[in-house]
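# Examination of the molecular architecture
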Amino acid sequence: MKRPSLWRVAHGLFGLAAALCLHAVPAAAQAGLPGAESDHIVVTARGGEALVAAELELRPAEIDTYGAATIGDLVARIAPLTGRPDELPIILVDGKRVDGAAGINGFPPEALARLALLKPEAAARYGYPPGQRVVNLVLKPHFASWQGETAFGVATAGGRESGQAALGRFLIDGPARWNGRVELSGDAALRRDERPPVDSNRGGDGRFYTLLPAMKGASANVALARPLGRFTGTLTLDAGWQEQRQLTGRAGDGLAETARALEGRQRGRSIGASALLAGQVAGWQGSLILRYARSWTDSIIEARSDKGNIVPRRGRARSETLSAQLNFNRTIVTLPAGAATANLTLAANRNWSDSRRADDADAIVFRRDQQDVALALAVPLFAAGEHAKPVGDVSLDISAGANRPSGIAAQFRYDVGINWSPVPALQIRAMTGFAERAPTPDQIAGAPIEDVRQIYDFRSDRISDVLWITGGNPDLGSGRQRTYGLRMTIKPFGTAPITLASEYRRQVSHGGAAPFPAFTPVVEAAFPDRIRRDGMGRLVAIDARPIAIVADVDERLDTSLVAAIRNFGGREKPWQATLSVTHGWLLHSEVRTGAGLPVLDRIDGDIGQSRHSLGVQLNLGRSGLGLTLDGNWQSGYRLRAIADAVGGEDYRFDALLLTNLRIHVEPARILSGHIPTWMQDLQISADVRNLFDGYRQVRLGDGSRPVGYGRYDADPLGRSVRISLRKRF
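Parameters and conventions
- Just so you know, the residues in each chain are numbered from 1, in the order the chain's sequence is written.
- Reporting of local features is limited, given that this is a predicted model, to residues whose pLDDT is at least 70; pairs of side-chain atoms are given and counted only at 80 or more, and all residues count toward the totals for whole chains, interfaces and linings.
- Only hydrogens and water are set aside; all other atoms, that is, all heavy atoms of the structure, feed into the side-chain values.
- By this definition, two strands are paired if DSSP reports at least two bridges between them.
- Only DSSP runs of H or I with at least four residues qualify as helices, and only runs of E with at least two residues qualify as strands; both kinds are numbered from the N terminus onward.
- For helices, the fitted line uses only the C-alpha atoms of the stretch in contact; every axis is such a line through C-alpha atoms, and the angle between N-to-C directions lies from 0 to 180 degrees.
- Site definitions follow a grid-based scheme: protein atoms alone, a 1 Å grid, a 1.4 Å probe that fits but cannot get out for cavities, and for pockets an open set with protein on both sides within 12 Å along at least five of seven lines, plus lining residues having an atom within 4 Å of a point.
- Grid points are joined across faces, edges and corners, and a volume is the space filled by probe spheres set on the points.
- Classification convention: Asp, Glu, Lys, Arg as charged; Ala, Val, Leu, Ile, Met, Phe, Trp, Tyr, Cys, Pro as nonpolar; all other residues, Gly among them, as polar.
- Any two rings among Phe, Tyr and Trp, with Trp reduced to its six-membered ring, count as a pair given centres within 6.5 Å; such a pair is stacked if its planes are under 30 degrees apart, edge-to-face if over 60, and tilted if neither.
- Whether a residue is buried, partly exposed or exposed follows from its accessible area with a 1.4 Å probe, protein chains only, as a fraction of its type maximum: under 20%, in between, or over 50%, in that order.
- A ring is considered to have a charge above it if a Lys NZ or an Arg CZ atom is located within 6 Å of its centre and within 35 degrees of its normal.

### Structural notes on the sheet that holds strand 22 (residues 462–470)
Taken together, four strands build an open sheet; the order of strands is 21-22-27-26 and the sheet is mixed. Whereas interior strands pair on both sides, the edge strands pair on one side only; in this sheet they are strand 21 (449–457) and strand 26 (531–533). Across the sheet, the mean angle from the axis of one strand to that of its neighbour is 25°, orientation sign disregarded.

What follows is the structure, given as C-alpha cells:
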C-alpha cells in the first residue's frame, strides 16, 4: 500500500486542528451550559501556573537548601526528584513552553518564586513526547542583581587544579527581563607521573603523558525579553570557546630535559542566536522560535613515524543550523469532565556541515532540510464527582506527527497515553508509541575527533594508549522504534509531600543507529574492523563512531520515593529537608548489529552494564546554611572473556559506590550583630566529589586481580575538593 505523503499528513492535521478550533466553545458561552451558574465561586490562579498540576513544589526556602549558583545548576541538582536522575527535565517558564529559548539558565536561583515538578501527563499536554518529566520555573515579578562567582578545585591525591570565574547582571521587571553573563574556566592536566605506577610494563617518562587533558574555555550570553504589543519577545545571543591539550609521549630520543612531548589538541568555537515571540493568536496561545547556530572544530594529534619523524594528523569540521518552530495551544472544547486541549507544532530546519578526517583527501559535505508537523490532544474522559465516583479521573493523550528529512522518506510517529486516578492518592498512566527515526546530523556527519585514551586491553592485561576515533558515520540508515510504559504514583498521606512512584518502560528498535559500545573482549570479536592492533598485537586504535543496528531491546523498572519535610526544628529559622531515593532495575538489554551475528547482551557478560542502580539524595538546610549528600550505587557485573584473553577467564567487576557531599553557608544570614557589607549576600560552598575515594575493582575468575589494572587506571582523578564563592550585589 502506498504511504501517505508528508503534505497529506500535514494537510490532515491542519484540517483536524481547524475543525477543533471551529467547534471550540468560547469561554463566554460557557455560562449558557446547563449547570454553569450553579456555583459563583471565583478562583484566582497564581501567576505562572502550568496547564497541569504539580506533583511536588519547591518554594524559596527549599530552593535555598540546594546551594545552587544558577537556575541551570539547580535544575541539574533536582533531577533525582523526577525519578529519572540521568535525564534532565523539560523546562517551562511561567507555565509556558520556551524550548530552551528563554535565556534564564544563568539567573541566580533567588530569582525564582517557586519550582514545580509537574505530573507525568504534562509532557503530552504541552506537545512533547509522552513520558518525559516537566519542570515549571516561576520567576519573581521583580528582581535585580549582579552576581560574581569564583571557584578553585584540586584532587586530594594531587594535581588536576581547576578554576572558574563568572560575572553576570540580571533584571526582571514584570514581563520584561534581561541578563548578561560571562564565564571563564580551566583545568590543569593530570600527568602520569602524578599518580603511582601499577604496571612497570607501560614504560615511558610519566612527564610526557597525561591521564586527563588540560582544558580551558570561555562563554558569554545575553538575553532580552520585553512586551511587544500583545506579544512578548525574547532575543538570546551566546558564544563559546573551548580548548583541550593532552600529552601522548616523548617526541624524540634526546635528553629528558630538552625533549618535548607529542601533543594532541582540540579547539572548538561556537556562536548562536534565538528569538522567541509568544502571545495570543485567534484564541490560541502561540509561539514562534527562530534559531541559528554555527560551530568550528579543529583538532591535531602528533605521532612518530617509523623513521622517527613527527607526523601531525589533522581534522576539522564546520557546521551550521537554522531552524524555525511554530507552536499553538488552546482549549478546544469544555467537556463535562473538563477542558480538552490541542497542541499544534510546525517546524523546519536546515543542517549543513563540512568535515575532513585526518586521513581523508576529500572533505565530507552534509546537507539536510527537514520539515516537521505534529498535533497532540489531551481529552478528559471522566472527572471524580457525583456521576464518576466509581471511576475517578480519566484522561486520554493522543499525538501524531511526521517529519521529512531531505533524501529520506517521510518519518511517521504516534503516541497514545491514558491517565487514571481512581482515588486522589493513586495515579496510573499507561502509554504506547511508535516512531520511524532517521539518523541525526551528528550521527551521520559529526565532527571528526581523534584523541588518545587510556584503555584496558583484556588481551595483554595492560593499560594501552589508544587512538580513540569519533565523529559521524555516513553509512547509517533509518529505523523504527516502539515504546511501552506503565507508571503508578502513590501519595499515601494526601497533600503531604511524600510520593512513591514505580515505572515500567520497554523500548524495541529495528534498524537505525546506536552509540559504539564500551570496549570489551566480546565487542572486539563483534567489531573486528573497528579495532586495530599492530604487528605485535598491541591495541592501537578504536573506531568509536556510531554503529548500525538490526535490533535493540531495552526493558527497565524504575522506582522512586520523594519525601519533603517542611518547617521543623525552630520557629524563626526552621529547617527544610528533602529526601529522594531511586532504584533502577535493568530487566533486559541487548543489541544485534547484523543479520546472522550473535546478540550482544549488555547485562550478561558481553558489554558490561550494571543490572541494578540505587541513588540517594538528602538536602537539609535552614536560612543561610545547607547540606546536600548524594550517593550512587551500581551493582557489579561480569565480562565474558575470549580465548586469547588473560587465562581465558571471565572478568568480574565489583559493585561501585560513589558519594558526594556539598555544604554551603551564607555568613550574613547566620551571624548576629553588625554584618560587613562585603559579607552580605555572600555564599561559601565546599563540594567534595567521590567522598570515600571509591572506584570499580575487578577480579579474575579465580579471585585474583589483573596485574595491569590498578586503582588510578579505573579512575585517575579520585577524590576532589572544590571551594566556591558566590556574591550577589
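Once you've had a look at it, read on.
### Overview of the layout of surface pockets
Any empty space left between the atoms is revealed when a probe the size of a water molecule rolls over them. Quantified by volume, the largest pocket comes out at close to 1,000 Å³. What lines the largest pocket is a set of 25 residues, among which Thr248, Ala303, Arg304, Asp465 and Val540 lie closest to the centre. Broken down by element, the residue count for the lining of the largest pocket peaks at five residues, all from strand 22. A per-class count over the lining of the largest pocket returns ten nonpolar, four polar and eleven charged. As a volume, the second largest pocket reaches approximately 840 Å³. The wall of the second largest pocket is formed by 35 residues, among which Val93, Asp94, Gly95, Lys96 and Gln285 lie closest to the centre. Among the secondary structure elements, those contributing two or more residues to the lining of the second largest pocket are strand 3 (96–97), strand 12 (231–250), strand 13 (261–281), strand 14 (284–304), strand 15 (310–335) and strand 16 (338–356). Counted by class, the lining of the second largest pocket contains twelve nonpolar, 15 polar and eight charged residues.

### Some thoughts on the packing of aromatic side chains
Applying the stated criterion across every chain, the model contains eleven aromatic pairs. A centroid spacing of 6.2 Å and a plane angle of 45° characterise the contact between Phe458 and Phe519, whose relative ring orientation is tilted. In this pair, Phe458 is assigned in the loop between strand 21 and strand 22 and Phe519 in the loop between strand 25 (513–514) and helix 6 (521–526), connecting sequence segments 61 residues apart. Looking at Phe519, the relative accessible area reads 10%, which means it is buried. For Arg97, the ring lying beneath its charged end belongs to Tyr128, and the centroid distance is 4.1 Å. Seen from the ring of Tyr209, Arg192 lies directly overhead, with NZ or CZ sitting 4.1 Å from the centre.

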